[in-house]
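If you want the building blocks of each chain, they are given just below.
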Amino acid sequence: MSDSQGDGKLELKQASKDVKESENVAEKYSAMTVTKNSEMGIGDIAGVPAAFTPVAGHKPVKKQIQFADDKQEFSRFPTKTGRRSLSRSISQSSTDSQGSAASYTDSSDDETSPRDKTQANSKGNSDFCVKNIKQGEFGRREIEIAEQDMSSLISLRKRAQGEKPLAGAKIVGCTHITAQTAVLIETLVALGAQCRWTACNIYSTQNEVAAALSEAGVAVFAWKGESEDDFWWCIDRCVNMEGWQPNMILDDGGDLTHWVYKKYPNVFKKIRGIVEESVTGVHRLYQLSKACQLCVPAMNVNDSVTKQKFDNLYCCRESILDGLKRTTDVMFGGKQVVVCGYGEVGKGCCAALKALGSIVCITEIDPICALQACMDGFRVVKLNEVIRQVDVVITCTGNKNVVTREQLDRMKNGCIVCNMGHSNTEIDVASLRTPELTWERVRSQVDHVIWPDGKRVVLLAEGRLLNLSCSTVPTFVLSITATTQALALIELYNAPEGRYKQDVYLLPKKMDEYVASLHLPTFDAHLTELSDEQAKYLGLNKNGPFKPNYYRY
Amino acid sequence: MSVQVVAAKMAEVELKDINSKSLPAAMPVVQKQEEKSVVKSQTAVPSTSPAVSAAAKVAAAPEEPTLPTPSPNLMKMPQASVLKRTEPQHNGGEAFINPDGTVTEAPKTVKKQIQFADQKQEFNKRTTKIGRRSLSRSISQSSTDSYSSAASYTDSSDDETSPRDKQQKNSKGNGDFCIKNIKQADFGRREIEIAEQAARPACAEMPALMALRKRAQGEKPLAGAKIVGCTHITAQTAVLMETLAALGAQCRWAACNIYSTQNEVAAALAEGGFAVFAWKGESEDDFWWCIDRCVNVEGWQPNMILDDGGDLTHWIYKKYPNMFKKIKGIVEESVTGVHRLYQLSKAGKLCVPAMNVNDSVTKQKFDNLYCCRESILDGLKRTTDVMFGGKQVVVCGYGEVGKGCSAALKAMGSIVYVTEIDPICALQACMDGFRLVKLNEVIRQVDIVITCTGNKNVVVREYLDRMKNGCIVCNMGHSNTEIDVASLRTPELTWERVRSQVDHVIWPDGKRIVLLAEGRLLNLSCSTVPTFVLSITATTQALALIELYNAPEGRYKQDVYLLPKKMDEYVASLHLPTFDAHLTELTDEQAKYLGLNKNGPFKPNYYRY
């Protein structure tokens, strides 16, 4: 036990070193570990059929898991310390859900690096680099399935196809390459843009989707399982092209921006704007802007109203139930639950649990949110007051050590502990790795921690994010993100000279509203239109924006 | 706008005359009169006042043709009249007050007078609305409303002498006040004590201010502050004033509304040594006289202003501009007043910092979401006794008010539809499980129509024609224009008043529509504002005063500020004990991890809650 701890620490050091060496890799690693974890979970089930075997016998597996955790924790760290974000970027989670869905080609046919292969698509074009161009048909099917759930992008295509708002746009993109992204890319192409694409994560690429895109003529440089070196090579191939200079950047994590900034600063002269999706990337842009080194306008789509609501409130409202059910099969009615934190995530969790008949208590540090909890009918307590009696503990504070060993000691038998927040630090899991406690892995993502007196605490996903580890991100949520990105690109590309200076902007309210309106048909929702008279009375444009910027929704 | 005024008034006359069948003869005459008065006032008073004076004149015309000409003050101070004319709704059936301040007891005219009062309120509200489309509803006016009902100790006044002509002294021999009757102080004291403590069952009242008193009394954060205030003078305000005094401030107070003063509370305050200049039923002239007495006193200059509606600020600005040199800041509560401050600031004429407490997070949430969530049920129950379960309801607008209404109705088992113009709010409605429709798609099948858009003509005659028999129509929004009530005042429709605030409008085929409060705000007309909500407001005001008074030089420039997040959080935290809520504290380690101060502020400014 102590051995594995020691190893963990070692790994931990290495991981942090990595982070220091190349901050850029941070995001990648974290995403990577997520993917790895889920794979490992599956491996666990297969490789350890006797789930109740003593932990000691399977040291290697455990060590690896820990290793992944630690790295994830540390790679996340720069993001956290840099800027306390109130949002969770879906960027990482999207890796996860897609990674699991797409396994056509995991057991690779050959071991040659795609870099060494010469491939051409059916039209003889070979300006791409993917694992195997022949998988294009599989990928096309994937993309078509995704299109069905992403009707907003399809309707955007239809609405804007006539005017081609992106005609002449040359977009380099660096995002996860999944079926959903493919729908986005093809939408951009349909709107008139030329696209070159690379992956923002070395593990998240769906090879067959990349093949399908290449087959369709988009220059894609990505495959699943790139090396560090491959990663930068792909980005470079994307940007560095004879006779083609990008004028727009779509980034997720800031790696592409960083690369262009370092290697090809001249490219920025032609660039009209950067669209950035992730928390990390936005943070980097703000830093650049602060240092007055940002030389083009950038759009922060991560903090748009619609995206935020879906990433946090709506997504977590569903994934808390899904995550708990999948892992523990718990029945919610009448259960006493304490939710730590009443931000957007907390609000979502509480609403869902209340709806299923749970008795929900809240802990909160912010008096305004605490008052909201009171008015929504939840008891606001300190964790210590209820810890002895609750059946489920859910953390969503973004803070660290919210559930400490002392509190874990006092929980009742069978209490479920899980984390829905941003960081993996909310539950002090490390404090449970002591000799007197026995860990028992009952199934993937579920550990029983057993006290000497026989009390068991059910720890989910080892304190990592429950919704990433044990649930999925619906395509509808990814559709919101993709639509927001597309509209941000259109806005930046078509903005008249001078509207955007060399700074980081939020998506204009009108575009934000447009994202929402494109998703309304899914609900068969019929939006009312203002009459001319009413618009005049309210002093509004009939087509929006409908609210002042400070409106809180 | 003025055209609408006429239209609305015409309709009312019509209604009254339906019984006597003298409609055709009466109509043209009245109409002429009204048009004249409207035109006249339009030429005399630009900007927002025509509605007000027109309303006053028009409303009064049928019963007193010799209407006293409005005082010059009215012309100068268009907005002032707005606030002062908010008349109590619940008069207890004892006395009714004419615009000139006289009190009449005339059971026969009860109906007319109620209508009259209502309409005035409507028009007063209108002016406020036009100035600035606000996303909030100020509780300022509503507070008048609910409290006037509670305080009727002294309405049937003992004497008719104006308080201005009376010499009164409190038990300590101090005569620096002007109120109706100092002898009522004991009654008032009781009122105040009720407000202070949780004396009324199921009503936690104002614990936050009491807690603030206790917490801050040692340090006296307002020591040396000389505050002039102009707010509704009710028991709740009294608690606020006494809190300010306990924190070290000297206070002089006037009423911001000529009808809302609780005389006995004013007496209790005067007895307690406060310089209060206010009584119920002041005249226009009295109103300004009171404000002037408040401000203009030998050897005392205010250094803080607490205003509700902006009248006091305006008066000082016009009459005593020099006073601003000593003033550290203005705290303004109402939408109107804030709007005026922003205008001043825009024109570069604001020479002191001002704090907009109306738009603070906590206050906004309580004024809109939480308050309306309860008052929609209360208002509908009181007026119609409807059972909500299984009823089909359409809520127009899904802002804070709409969210509150929808949540409450859903919880009661109603089937709720939502209409919305803003796609973001529309998507929120979808995700909260409400069907988003256009009004005309569901209008035939719904049992209740609730408007909360802040817009006009959301429910038009065409929709009203298509509603099913017994459909209830009411308005929870800001303005009184959401339901096109004027369009219902046509000869073929019969109006039947079934009880106060409830009209049946009957179509020729016998179909009835239940119209509540004649399309005015249901929550003001048919429900009350809980003291807890007023407590949020008062606490916010007190903290804004403390913040402005103690701010280091240079923190606030000559501009209008929102309450700092930390203070906003403090308001919330003072109200948590009511719920027996136990706030968790950050450990040092956690605070460091999050990069926060342990005591807040906990969220960045853009956080949406």
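Keep in mind that what you see is a predicted model, and the values were worked out from it rather than measured. (Residues numbered from 1 in each chain as written. Chains lettered and ligands numbered in written order. Predicted model: local features only at pLDDT ≥ 70, side-chain atom pairs only at ≥ 80, totals over all residues. Heavy atoms only, no water.)

1. Points about the overall build of chain B
So, point 1. Within chain B one finds 23 helices and 17 strands.
So, point 2. On chain B, roughly 22,500 Å² of surface is accessible, and the fraction owed to carbon and sulfur atoms is 53%. (Helix = DSSP H or I, 4+ residues; strand = E, 2+ residues; numbered from the N terminus. Areas by Shrake-Rupley, 256 points an atom, 1.4 Å probe, with all protein chains shown as cover.)

2. Points about the overall build of chain A
So, point 1. If you tally the helices and strands in chain A, you get 20 helices and 15 strands.
So, point 2. Among the 553 residues that make up chain A, the fraction classed as buried is 62%.
So, point 3. A separation threshold of at least 6 residues defines the contact pool for chain A, and within that pool the share at least 24 residues apart is 73%.
So, point 4. On chain A, roughly 21,000 Å² of surface is accessible, and the fraction owed to carbon and sulfur atoms is 52%. (Buried < 20%, exposed > 50% of the residue type's maximum accessible area, 1.4 Å probe, protein only. Contact = heavy atoms within 4.5 Å.)

3. Considerations on the interface of chain B and chain A
So, point 1. Across the boundary between the two partners, chain B contributes 68 residues, which contact 68 residues of chain A.
So, point 2. Each partner contributes to the roughly 6,700 Å² buried at the junction of chain B and chain A, and carbon and sulfur atoms together form 59% of this total.
So, point 3. Considering only the surface of chain B that becomes buried against chain A, Met-431, Tyr-593 and Arg-608 of chain B emerge as the three largest contributors, covering 13% of it.
So, point 4. Inspection of the region where chain B meets chain A yields eight salt bridges.
So, point 5. The interface formed by chain B and chain A includes 18 residue pairs in polar contact (both at pLDDT 80 or more).
So, point 6. When contributions to the side of chain B that touches chain A are tallied by element, the ones reaching two or more residues are helix 6 (110-131), helix 15 (361-384), helix 16 (400-411), helix 17 (423-431), strand 11 (435-436), helix 22 (565-575) and helix 23 (588-594) of chain B.
So, point 7. When residues in the side of chain B that touches chain A are grouped by element, the largest group, eight residues, is from helix 17 of chain B.
So, point 8. Class assignment for the residues of the side of chain B that touches chain A results in 30 nonpolar, 15 polar and 23 charged. (Buried area = accessible area lost by both parts, 1.4 Å probe. Salt bridge = Lys/Arg side-chain N within 4 Å of Asp/Glu carboxyl O. Polar contact = N/O pair within 3.5 Å; in protein donor to acceptor, adjacent residues only side chain to side chain. Nonpolar A, V, L, I, M, F, W, Y, C, P; charged D, E, K, R; others polar.)

4. Focus on the confidence of the model for chain B
All names here are of chain B.
So, point 1. For chain B, the average pLDDT comes to 78, and 72% of its residues sit at 70 or higher.
So, point 2. Note that pLDDT drops below 50 for residues 1-157; the model gives that stretch 262 contacts with residues more than four away or on any other chain.
So, point 3. Confidence over residues 198-204 falls short of pLDDT 50; this stretch has seven contacts with residues more than four positions distant or in other chains.
So, point 4. The ipTM for the predicted assembly is 0.77, set against a pTM of 0.76. (pLDDT = per-residue confidence, 0-100.)

5. Observations regarding helix 10 (residues 235-246) of chain B
Since the α-helix advances by 3.6 residues per turn, residues separated by three or four positions end up pointing in the same direction.
Residue and element names in this part refer to chain B.
So, point 1. Compared with an ideal rise of 1.5 Å per residue, which puts 12 residues at 16 Å, helix 10 spans 16 Å between its outermost C-alpha atoms and is within 8% of the ideal.
So, point 2. Burial of helix 10 is extensive: 11 of the 12 residues sit out of reach of the surface.
So, point 3. What helix 10 keeps buried is the set Ala-235, Gln-236, Thr-237, Ala-238, Val-239, Leu-240, Met-241, Glu-242, Thr-243, Leu-244 and Ala-246.
So, point 4. Backbone geometry just downstream of helix 10 places Gly-248 in the positive-phi region, at approximately 110°. (Expected span 1.5 Å × (residues − 1).)

6. Regarding the pattern of salt bridges
So, point 1. Taken as a whole and assessed by the stated rule, the structure comprises 50 salt bridges over all chains.
So, point 2. In this structure, Arg-115 of chain A engages Asp-230 of chain A in a salt bridge whose closest nitrogen and oxygen atoms are separated by 2.8 Å. Placement of the pair is Arg-115 of chain A in the loop between helix 4 (90-101) and helix 5 (136-149) and Asp-230 of chain A in helix 9 (residues 228-239), with a sequence separation of 115 residues.
So, point 3. The shortest N-O distance in the salt bridge between Glu-406 of chain A and Arg-410 of chain A comes to 3.9 Å. Placement of the pair is Glu-406 of chain A and Arg-410 of chain A together in helix 16 (residues 405-410), with a separation of four residues, close to one helical turn.
So, point 4. Residue classification places Glu-406 of chain A among the partly exposed positions, given a relative accessible area of 48%.
So, point 5. Sharing partners across several salt bridges, the network here consists of Arg-489, Arg-497, Asp-503, Glu-518 and Arg-520 of chain B.

7. Considering the sheet that holds strand 14 (residues 456-460) of chain A
Residue and element names in this part refer to chain A.
So, point 1. The strand order across the open sheet built from eight strands is 9-8-7-10-11-14-13-12, with neighbouring strands paired in mixed fashion. With one partner strand each, in any of the chains shown, strand 9 (379-380) and strand 12 (438-443) form the two edges of the open sheet.
So, point 2. With four bridges joining them, strand 10 (residues 392-395) and strand 11 (residues 415-419) adopt parallel strand pairing. Within strand 11, the residue paired with Val-392 across the bridge is Ile-416. (Pairing = 2+ DSSP bridges.)

8. Considering the UniProt feature "domain: S-adenosyl-L-homocysteine hydrolase NAD binding" (unreviewed entry) in chain A
So, point 1. Following the UniProt record, one finds the feature "domain: S-adenosyl-L-homocysteine hydrolase NAD binding" (unreviewed entry) at residues 312-473 of chain A.
So, point 2. The distance separating the terminal C-alpha atoms of residues 312-473 of chain A is 11 Å; by composition the span is 32% helix and 23% strand. (UniProt positions renumbered as here; feature names shortened; annotations may be inferred.)

9. Considering the UniProt feature "domain: S-adenosyl-L-homocysteine hydrolase NAD binding" (unreviewed entry) in chain B
So, point 1. UniProt's entry tags residues 368-529 of chain B with the feature "domain: S-adenosyl-L-homocysteine hydrolase NAD binding" (unreviewed entry), counted in the numbering of this structure.
So, point 2. Structurally, residues 368-529 of chain B is divided into 32% helix and 23% strand, and its ends, taken at the C-alpha atoms, are 11 Å apart.

10. Some thoughts on the packing of aromatic side chains
Residues and elements named next belong to chain B.
So, point 1. The final tally for this structure, using the stated rule, is 20 aromatic pairs over all chains.
So, point 2. On the basis of an interplanar angle of 80° and a centroid distance of 4.8 Å, the ring pair of Phe-287 and Trp-288 is categorised as edge-to-face. Just as Phe-287 is buried, Trp-288 falls in that class too.
So, point 3. Aromatic side chains Tyr-317 and Phe-324 sit 6.3 Å apart centroid to centroid with 65° between the ring planes, which places their arrangement in the edge-to-face category.
So, point 4. The class for Phe-324 is buried, based on a relative accessible area of 6%. (Phe/Tyr/Trp six-rings, centres within 6.5 Å; stacked < 30°, edge-to-face > 60°.)

11. Topic: unusual backbone geometry
So, point 1. With an omega of 0°, the peptide bond between Gly-544 of chain A and Pro-545 of chain A qualifies as cis.
So, point 2. In this model, Gly-600 of chain B is joined to Pro-601 of chain B through a cis peptide bond whose omega is 0°.
So, point 3. Mapped onto the elements of the fold, Pro-601 of chain B is located in the segment after helix 23.
So, point 4. Positive phi, normally seen in glycine, also occurs at Gln-501 of chain B, with a value near 75°.
So, point 5. By secondary structure assignment, the location of Gln-501 of chain B is in the loop between strand 14 (494-499) and strand 15 (502-506).

12. Some details on the packing of helix 14 (residues 367-375) of chain A against helix 22 of chain B
So, point 1. One way to put it is that helix 14 of chain A packs onto helix 22 of chain B with a least axis distance of 7 Å and a crossing angle of 40°. By the angle between their directions, the pair helix 14 of chain A and helix 22 of chain B is classed as oblique. The interaxial crossing formed by helix 14 of chain A with helix 22 of chain B has left-handed handedness. Across the interface between the two elements, Pro-367, Ile-368 and Leu-371 of chain A of helix 14 of chain A pack against Asp-568, Glu-569, Ala-572, Ser-573 and His-575 of chain B of helix 22 of chain B. (Axes fitted to C-alpha atoms, helices over the stretch in contact; angles between N-to-C directions. Parallel < 35°, antiparallel > 145°, perpendicular 65-115°, else oblique. Left-handed = near helix turned anticlockwise from the far one by under 90°.)

13. Concerning the confidence of the model for chain A
So, point 1. Scored by pLDDT, chain A has a mean of 82; 80% of the residues are at 70 or more.
So, point 2. Across residues 1-107 of chain A the pLDDT falls below 50, and counting only partners more than four positions away or on other chains, this stretch makes 183 contacts in the model.

14. Considerations on the sheet that holds strand 6 (residues 304-307) of chain B
Residue and element names in this part refer to chain B.
So, point 1. In space, the seven strands of this open sheet follow the order 5-4-3-6-7-8-17, with parallel pairing throughout. In this open sheet, the two strands that pair with only one neighbour each are strand 5 (275-277) and strand 17 (560-562). Averaged over neighbouring strand pairs, the angle between their axes works out to 20° when direction is ignored.
So, point 2. Pairing geometry for strand 8 (residues 354-356) and strand 17, over three bridges, is parallel. If you follow Asn-356 over to strand 17, its bridge partner there is Leu-562.
So, point 3. Packed onto the sheet, helix 10 meets strand 3 (226-231), strand 4 (250-255), strand 5 and strand 6 and runs at close to 160° relative to strand 4.
So, point 4. In the packing of helix 14 (residues 335-346) onto the sheet, the strands contacted are strand 7 (329-332), strand 8 and strand 17, and the crossing angle to strand 7 comes to about 140°.

15. Things to note about the environment of Asn-475 of chain B
Residues and elements named next belong to chain B.
So, point 1. Relative to the elements of secondary structure, Asn-475 occurs in strand 13 (residues 471-475).
So, point 2. Taking the C-alpha atoms as reference points, Asn-475 and Val-335, separated by 140 residues in sequence, lie 20 Å from one another.
So, point 3. Once residues lying within four places of it in the same chain are set aside, the contact partners of Asn-475 are Thr-451, Asn-480, Glu-482, Ile-483, Gly-519, Arg-520, Leu-521 and Leu-522.

16. Details of helix 11 (residues 279-290) of chain A
Residues and elements named next belong to chain A.
So, point 1. When the terminal C-alpha atoms of helix 11 are compared, their 16 Å separation across 12 residues agrees well with the 16 Å that a helix rising 1.5 Å per residue should span.
So, point 2. Among the 12 residues of helix 11, nine are classified as buried, and the element is accordingly described as predominantly covered.
So, point 3. What helix 11 keeps buried is the set Val-279, Thr-280, Gly-281, Val-282, His-283, Arg-284, Leu-285, Leu-288 and Ser-289.
So, point 4. Of the residues one or two after helix 11, Cys-292 is the one with positive phi, at around 60°.

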